[in-house]
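The primary structure of each chain is shown beneath.
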Amino acid sequence: MAAFNQQSNPDQRPLTAKIQPDGRALSLKDCEAAGGYRAVRRALGTMAPGDVTQLVKDSGLRGRGGAGFPTGPKWSFVPMGDNAPRPKYLVVNADEMEPGTFKDRLLLEGDPHQLIEGVILAAYAIQADISYIFLRGEYVLAEQRLATAIAEARGAGLIGKNILGTDYSLEVHLHTSAGRYICGEETALINALEGRRANPRSKPPFPQVCGLRGKPTIVNNVETLCNLPHIVNNGTEWFKGLSLTPNGGTKIYGVSGKVKRPGLWELPMGTTARTILEEHAGGMRDGLKLRAIIPGGASTDFLLESQLDVAMDFDTVAKAGSRMGTGTMIVLDDQTCPVGMVHNLMRFFASESCGWCTPCREGLPWVEKILEAMERGEGQPGDLEQLSRHVTALGMGLTYCALAPGAMEPLGSGLKHFRDDFERHIRDKRCGWS
Amino acid sequence: MLTTETKNEILAELAHSETNRMACIEALKIAQREHGWVSDEDLCEVARLLDLTPDEVDGVATFYNLIRRRPVGRNVILLCASVSCWVMGYVQLRARLLQVLGVELGQTTEDGRFTVLENQCLGACDHAPALMINDDLYHDVDPEQLGDILAKYA
Ligand SMILES: Cc1cc2nc3c(=O)[nH]c(=O)nc-3n(C[C@H](O)[C@H](O)[C@H](O)COP(=O)(O)O)c2cc1C
Ligand code: SF4
């Protein structure tokens, strides 16, 4: 079970309110006693599917999978009505392979019923017939807990035929992945579910119209879906009020690296990076200074210490030149080599490229080799220009998916912020840090 | 040769799968449970059960990290290589692990006890460095404790 610090008032942290300090997951009975599945009863009993979509639109909920796409508007592309193609699918993205990201693990292990309730609500809104939970293979405890929770929910008539006696039916299946980061990209994920190689698909058509087996499909992140029961129960104004900024709700933030207390905290959206790092993560370990952070998983730009007062929400971090991404930050301290860190990241992206687009397939290993040589003391004059050319050549819009442009975010920002370190590696013909 | 039990498990998976192909990854994972990897022979049997060609199934098998097409030891160690673990001492942990076992990454110990593979982010970043042995996750791994951890696996 992922570490999790429960400090604040449970009303202010709806997503983690039912997570137990001892790490066990609530049974269906205990979960219902604590308010679980109330939103499903309410939505299926008193709301039309379109009302649920409208409510989610009004709440301003934005996807927590990394890109922050507005959830309600995404659903509204799904064809509705009797002539809509069938079956329709609601897919849960529980792949969580973005390096430095461990937030969905907490929700999956800690409160699997909350996710299932979110699944039913989203599926009902788009009138999906079948839902797949796509879970990464290494999350063994989450797999066991989800399987138990699905069985309990099915036994209680919360999923399956004619849910709670209504005419709405939904099947929920758990699929455990066989690995590879690219499976988290939504169209690659759809190929993986179809039992194919997980290369992304060219868009358009978008999955909302033509996804799994060519049918309308919504892919949503775990944390996104976990917000739904609370929005249905408490309304849009309450949801917006949880946040410190116009991007509504709470956010599960995380910190890893050499801080005193690495961990996860559910906090108001828009809490500053400095507050998260200093108050919650306890600041740096003794003797170390914070140099920079990667704010939201491997594919986001470095932010320097001087930028830590940025409010961690989608719009503000973007204005500061990075992305909130998954909201789980990785700390670079002053005794760790930034070139080595960027090398580690590029090694990851190079090995996870699916190989479809030439710039990504050929460019990332080249970048990795240049950085590896630099770390070995064999950097060459001209290497930095070569790296910069890749940042341009692998940029947004030049490849089929966002893996390559995502990889360029820490590289491009690293070259900008740590130029001296890169130059010193080449000039001194060694990495001065190891 | 897959055992009858394994074949039945694959057929059961097939029965509640929307299409044969959609059962492919799960079928390979079930087949892999027998020996920890999928041999050519096992792969052909999976293909026959799913009514796909062996090439189609191999195309899938070779894409995914957790499906193995080469023999592995009795226990598989997945060492997390991603950035949080790197910051927290992955390089030292890897060096110690490989030294203790006397192998390189990707290799199996001579007694067939362990295979060491790298894995990307295990999602245990707040307790880095991390590794998994079979289904067991270990975090905050101190290279000096490796002996105690490894001793649990025969
Ligand atoms: C290479 C790559 C990997 C991704 N991995 C994940 C992931 O593990 N989990 C996730 O929720 N989204 C991931 N995404 C984003 C998904 O494509 C998709 O945008 C997201 O699941 C949508 O959910 P949301 O709208 O609820 O945020 C990834 C994207 C890319 C390009
Ligand atoms: S950018 Fe890379 S990972 Fe994405 S489709 Fe192209 S080759 Fe595959």
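Bear in mind the structure is a predicted one, so any value in this text is a computation, not a measurement.

Draft legend 1. Focus on the interface of chain B and chain A. Each partner contributes to the interface: chain B provides 38 residues, whereas chain A provides 56 residues. Carbon and sulfur atoms make up 57% of the area that chain B and chain A hide from each other, which totals about 3700 Å². Looking only at chain B, the three residues that lose the most surface to chain A are F63(B), V83(B) and D126(B), adding up to 19% of its buried area. The tally of links from chain B across to chain A stands at two salt bridges. Where R213(A) meets E18(B), a salt bridge forms, and the shortest distance between an N and an O atom there is 2.7 Å. Connecting chain B to chain A are 20 residue pairs in polar contact (both at pLDDT 80 or more). Of all elements in the fold, only α2 (24-32), α4 (54-61), α5 (83-87), α6 (90-101) and β2 (114-119) of chain B reach the threshold of two or more residues within the side of chain B that touches chain A. Its residues assigned to classes, the side of chain B that touches chain A comprises 20 nonpolar, ten polar and eight charged.

Draft legend 2. Main features of the side chain of N220(A). Residue and element names in this part refer to chain A. Within the secondary structure layout, N220 lies in strand β4 (residues 217-221). Residue N220 is classed as buried on the basis of its relative accessible area, which comes to 3%. At 3.0 Å, the side chain of N220 forms a polar contact with the side chain of W75. Look past the residues within four positions of N220 in its chain and what remains in contact with it is T71, K74, W75, L90, V91, V92, N93 and L225.

Draft legend 3. Quick peek at the domain arrangement of chain A. All names here are of chain A. Examined at the domain level, chain A breaks down into domain 1 (13-240), domain 2 (242-333) and domain 3 (338-428). Computed from C-alpha atoms alone, the centre-to-centre distance between domain 1 and domain 3 is 35 Å. With eleven residues of domain 1 in contact, the opposing surface of domain 3 contributes ten residues. Interface of domain 1 and domain 3: buried area, both sides summed, is about 930 Å²; carbon and sulfur atoms make up 68% of it. The interface formed by domain 1 and domain 3 includes three residue pairs in polar contact (both at pLDDT 80 or more). Of the residues belonging to the side of domain 1 that touches domain 3, the class tally is six nonpolar, two polar and three charged.

Draft legend 4. Main features of the packing of aromatic side chains. Across all of its chains, the model carries eight aromatic pairs over all chains by this definition. For the ring pair F63(B) and Y64(B), a centre distance of 5.1 Å and an interplane angle of 65° mean the geometry is edge-to-face. With relative accessibility at 3%, the residue Y64(B) sits in the buried group. Connected via pairs of aromatic rings, a cluster forms that spans Y181(A), F348(A) and F349(A). Directly above the ring of F63(B) sits R180(A), whose terminal nitrogen or CZ lies 4.4 Å from the centroid.

Draft legend 5. Representation of the sheet that holds strand β5 (residues 250-256) of chain A within the structure. Strand order in this open sheet of five strands is β6-β5-β9-β7-β8 (chain A), and the pairing throughout is mixed. Where the open sheet ends on each side, the last strands, each with one partner, are β6 (263-268) and β8 (303-304) of chain A.

Draft legend 6. Spotlight on the site of ligand 1. Residues and elements named next belong to chain A. Near ligand 1 there are 18 residues, and of these G65, K74, N93, N221 and T224 occur at the shortest range. Here G65 contributes a backbone N or O atom positioned 2.8 Å from an oxygen atom of ligand 1. For ligand 1, the accessible surface in isolation is 610 Å², of which the surrounding protein chains cover 89%. Residue contributions to the shell around ligand 1 peak at three residues, all from β4.

Draft legend 7. Quick peek at the site of ligand 2. Taken together, 13 residues sit near ligand 2, with C354(A), W356(A), C357(A), C360(A) and C401(A) positioned nearest. Looking at the shell around ligand 2 residue by residue, the classes come out as ten nonpolar, three polar and no charged.

Draft legend 8. A look at the packing of helix α5 (residues 103-110) of chain A against helix α6 (residues 112-126) of chain A. All names here are of chain A. Running from N to C, α5 and α6 cross one another at 95°; their axes reach a closest spacing of 5 Å. By the criterion of interaxial angle, the relationship of α5 to α6 is roughly perpendicular. Across from L107, L108, E109 and G110 in α5, the residues of α6 making contact are P112, Q114 and L115. Partitioned by chemical class, the residues of the contact of α5 with α6 number four nonpolar, two polar and one charged.

Draft legend 9. Seen up close, α6(A). All names here are of chain A. With 15 residues, α6 extends 22 Å from end C-alpha to end C-alpha; this agrees with the ideal 21 Å at 1.5 Å per step. Within α6, 15 of the 15 residues are buried, which leaves it mostly tucked inside the rest of the structure. Where α6 terminates, the next one or two residues include Q127, which has phi positive at roughly 55°.

Draft legend 10. Representation of the pattern of salt bridges in the model. Enumeration over the complete set of coordinates arrives at 39 salt bridges over all chains. Between E186(A) and K203(A) there is a salt bridge; the shortest N-O distance is 3.7 Å. Here the residue E186(A) occupies a position in helix α8 (residues 186-193), and K203(A) occupies one in the loop between α8 and β4, the gap between them amounting to 17 residues. Of the residues examined, E186(A) reaches a relative accessible area of 19% and is grouped as buried. Here R69(B) and D58(B) are joined by a salt bridge, their closest N and O atoms 2.8 Å apart. Here R69(B) is found in the loop between α4 and β1 (75-80), whereas its partner D58(B) is found in helix α4, with eleven residues between them in sequence. By sharing partners, the salt bridges in this structure join K74(A), E185(A), E186(A) and K203(A) into a single network.

Cut-offs used in this document
- Residues numbered from 1 in each chain as written.
- Chains lettered and ligands numbered in written order.
- Predicted model: local features only at pLDDT ≥ 70, side-chain atom pairs only at ≥ 80, totals over all residues.
- Heavy atoms only, no water.
- Contact = heavy atoms within 4.5 Å.
- Buried area = accessible area lost by both parts, 1.4 Å probe.
- Salt bridge = Lys/Arg side-chain N within 4 Å of Asp/Glu carboxyl O.
- Polar contact = N/O pair within 3.5 Å; in protein donor to acceptor, adjacent residues only side chain to side chain.
- Helix = DSSP H or I, 4+ residues; strand = E, 2+ residues; numbered from the N terminus.
- Nonpolar A, V, L, I, M, F, W, Y, C, P; charged D, E, K, R; others polar.
- Buried < 20%, exposed > 50% of the residue type's maximum accessible area, 1.4 Å probe, protein only.
- Domains from an automatic or database assignment.
- Phe/Tyr/Trp six-rings, centres within 6.5 Å; stacked < 30°, edge-to-face > 60°.
- Lys NZ or Arg CZ within 6 Å of the ring centre and 35° of its normal.
- Pairing = 2+ DSSP bridges.
- Near = heavy atom within 4 Å.
- Areas by Shrake-Rupley, 256 points an atom, 1.4 Å probe, with all protein chains shown as cover.
- Axes fitted to C-alpha atoms, helices over the stretch in contact; angles between N-to-C directions.
- Parallel < 35°, antiparallel > 145°, perpendicular 65-115°, else oblique.
- Expected span 1.5 Å × (residues − 1).

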